[in-house]
Amino acid sequence: MFECKTVTLRTRPIKHGQLSFYLDYYPGYRDKETMKVIRHESLGIYIYEKPKNRREREFNEQMTEKAEAIRCRRFDAIVNERYDFLDKSKLKGDFLEYYRRQLCKHDQKWKFVYIHFSNFVGGKCIFEEIDIDLCNKFREYLLTAKKLKSNNDTISQNSASGYWSTFRGFLKDLYRAKLIRNNINDFLDKIVTEDIDKDFLTQQELYKLAETPCDIPVLKTASLFACLTSLRISDILALRWENIQDYYDGGKFMKIITQKTKSIDTIPISKEALELIGNTGEGIIFKGLRRSMTQAPMKKWIKSAGITKNITFHSYRRTFATLQAAAGTDIITIASIMTHKSISTTQLYTKTVDANKRKASSKITLKRQEE
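One structure accompanies this document, and this report is about it. Nothing here was measured: the structure is a model prediction, and the numbers come from that model.

This part takes up unusual backbone geometry. The step from Y26 to P27 runs through a cis peptide bond, and the omega angle for that step is 0 degrees. Unusually for a residue other than glycine, H16 sits at a positive phi of about 65 degrees. Along the chain, H16 falls in the loop between β1 (6-14) and β2 (18-30). H16 gets classed as exposed once you look at its relative accessible area, which sits at 75%. Backbone geometry at S230 places phi at a positive 75 degrees, although glycine is not the residue there. Relative to the helices and strands, S230 is located in the loop between α8 (217-229) and α9 (233-238).

Right under this line is the structure:
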């Protein structure tokens, strides 16, 4: 573990008879964002190596004083970190800029939440302003917010709930990183989701879709592959040939880092799913596939198959769960394949299967069975 003990102001010679100030961290510290060990930091402050007159000597004194002030602030921050004090200088930092830099590490929902929050605060917010009152006002904002691509339609309550949940998770990360004073998330209420029926494909509709040509072959392949494996669009887009590996006793599986949760998961892959993607290649499996294809182009293909339901790419994931449940697969197995952390999440996908419910309802009877 790197625990910085000293921060020393040093100089190194550069061109034109000048010296450049830099900080020497001993034995170094690990940057929590990049996870790299930092041992030196250039300050971008220069002085004359051999001042020739009073003006240059005064300049050197002023620049040296500024460099020393930075050294003191850096050391103060390290002491605060070591002894678990809140670094007050961080509270003045640009929250939105920090938030924006986190987007590349997460799925697209994070970007939507970031845009909504930026709109809510008018594009300006520092860490010090993140408190319970501001967060509750953002919660109210989400309940009436307009869709990002529409000036008329508001986002659904379930979307607002998902965005709010993502934002609250971010608040937990901020508290752990000592970027905000309190664990605000403990004082915030959830946005309750609405219990609505969502469309999925029946087995007959899946047959139809597989038999219907698509103007974009890779879109059709990816869609059917999602139905057979339950992969999200984010995982489909990131899937590479090296993710497909062999079981020691035969068969294959996908070892992926789930884009939504960033967890490493192992998902079995059927022979039929393998046949869909063809021979082993290199790099990205679904080359040429873009997220935009899952909108109008996909809806056109689904309509040409005679399917009138409101099918989204996520509906394929729901199709997998529903058809597996209808075929008798136990819910624990389905949850494992879908990489759900909680069975209750899987139940949301499988509750539409009522064939087993109807069968179960007739198992208890008041009438004697004829012998």
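What follows covers the environment of E205. Examined against the element boundaries, E205 turns out to sit in helix α7 (residues 203-211). Owing to a relative accessible area of 16%, E205 belongs among the buried residues under this scheme. It is 8.2 Å that separates the C-alpha atoms of E205 and A305, two residues lying 100 residues apart in sequence. A polar atom in the side chain of E205 sits 2.9 Å from the backbone nitrogen of T202.

According to the stated counting rule, one finds 24 aromatic pairs in the structure shown. Taking the centre distance of 6.3 Å and the plane angle of 90 degrees together, the rings of Y99 and W110 count as edge-to-face. Separated by eleven residues along the polypeptide, Y99 in helix α3 (residues 95-102) and W110 in helix α4 (residues 108-120) bring together distant segments of the chain. For the pair formed by Y99 and W110, the shared burial category is buried. Here the aromatic rings of F120 and Y141 are separated by 5.5 Å at their centres, their planes lie at 50 degrees, and the arrangement is tilted. Here F120 is found in helix α4, whereas its partner Y141 is found in helix α5 (residues 132-144), with 21 residues between them in sequence. Take Y141: its relative accessible area is 22%, and that puts it in the partly exposed class. Across the ring face of Y22, the terminal group of R12 is positioned such that the distance to the ring centre comes to 3.9 Å. Lying across the ring of F200, K309 places its NZ or CZ 5.2 Å from the centre.

For the rest of this paragraph, the subject is α5. Given a rise of 1.5 Å per residue, 13 residues ought to cover 18 Å, and the 19 Å separating the end C-alpha atoms of α5 matches this to within 8%. Among the residues making up α5, those that are buried are L134, C135, F138 and L142. All buried residues of α5 fall inside an arc of 95 degrees around its axis, so they share one side. Turned more than 90 degrees off the buried face of α5, the exposed positions are E140 and T144.

According to the stated counting rule, one finds 14 salt bridges in the structure shown. Where E41 meets R74, a salt bridge forms, and the shortest distance between an N and an O atom there is 2.7 Å. Taken together, the residues E41 in strand β3 (residues 37-48) and R74 in helix α1 (residues 54-82) connect sequence positions 33 residues apart. You can call R74 partly exposed: its relative accessible area is 31%. Between D215 and K300 there is a salt bridge, with its nearest N and O atoms 3.1 Å apart. Remark: K300 occurs in helix α11 (residues 296-304) and D215 occurs in the loop between α7 and α8; sequence separation between them is 85 residues. Neither D215 nor K300 differs from the other in exposure class; each is exposed. Members of the salt-bridge network, linked through shared partners, are E97, R100 and R101.

Below, the discussion takes up the environment of T329. Take T329: it is sitting in the loop between α12 (313-326) and α13 (331-337). Judged by its relative accessible area of 24%, T329 is partly exposed. Contact partners of T329, with chain neighbours within four places excluded, come to Q324 and I334.

Let us look at the pairing of strand β5 (residues 252-257). Relative to β5, strand β4 (residues 244-246) runs antiparallel, the two sharing three bridges. Of the residues in β5, the one forming a bridge with D246 is K252. Two strands pair when backbone bridges link them, and β5 and strand β6 (residues 264-269) are joined in this way by six bridges, in the antiparallel orientation. The partner of F253 across the bridge, within β6, is P268.

By the secondary structure assignment, N185 is in the loop between α6 (157-176) and α7. What makes N185 buried here is its relative accessible area of 6%. When neighbours within four sequence positions are excluded, N185 is seen to be in contact with R168 and K172.

The subject of this paragraph is the pairing of β2. Remember that side chains alternate between the two faces of the sheet whenever the strand is regular. With nine bridges joining them, β1 and β2 adopt antiparallel strand pairing. Paired with R12 across the bridge in β2 is S20. The antiparallel pairing of β1 with β2 creates a hairpin that spans three residues between the two strands, and H16 there sits at a positive phi of about 65 degrees. In this structure, β2 lies alongside β3, joined through eight bridges in antiparallel fashion. Bridging from a neighbouring strand, D24 pairs with H40 of β3.

The rules we used
- Residues numbered from 1 in each chain as written.
- Predicted model: local features only at pLDDT ≥ 70, side-chain atom pairs only at ≥ 80, totals over all residues.
- Heavy atoms only, no water.
- Helix = DSSP H or I, 4+ residues; strand = E, 2+ residues; numbered from the N terminus.
- Buried < 20%, exposed > 50% of the residue type's maximum accessible area, 1.4 Å probe, protein only.
- Polar contact = N/O pair within 3.5 Å; in protein donor to acceptor, adjacent residues only side chain to side chain.
- Phe/Tyr/Trp six-rings, centres within 6.5 Å; stacked < 30°, edge-to-face > 60°.
- Lys NZ or Arg CZ within 6 Å of the ring centre and 35° of its normal.
- Expected span 1.5 Å × (residues − 1).
- Arc of directions from axis to C-beta.
- Salt bridge = Lys/Arg side-chain N within 4 Å of Asp/Glu carboxyl O.
- Contact = heavy atoms within 4.5 Å.
- Pairing = 2+ DSSP bridges.

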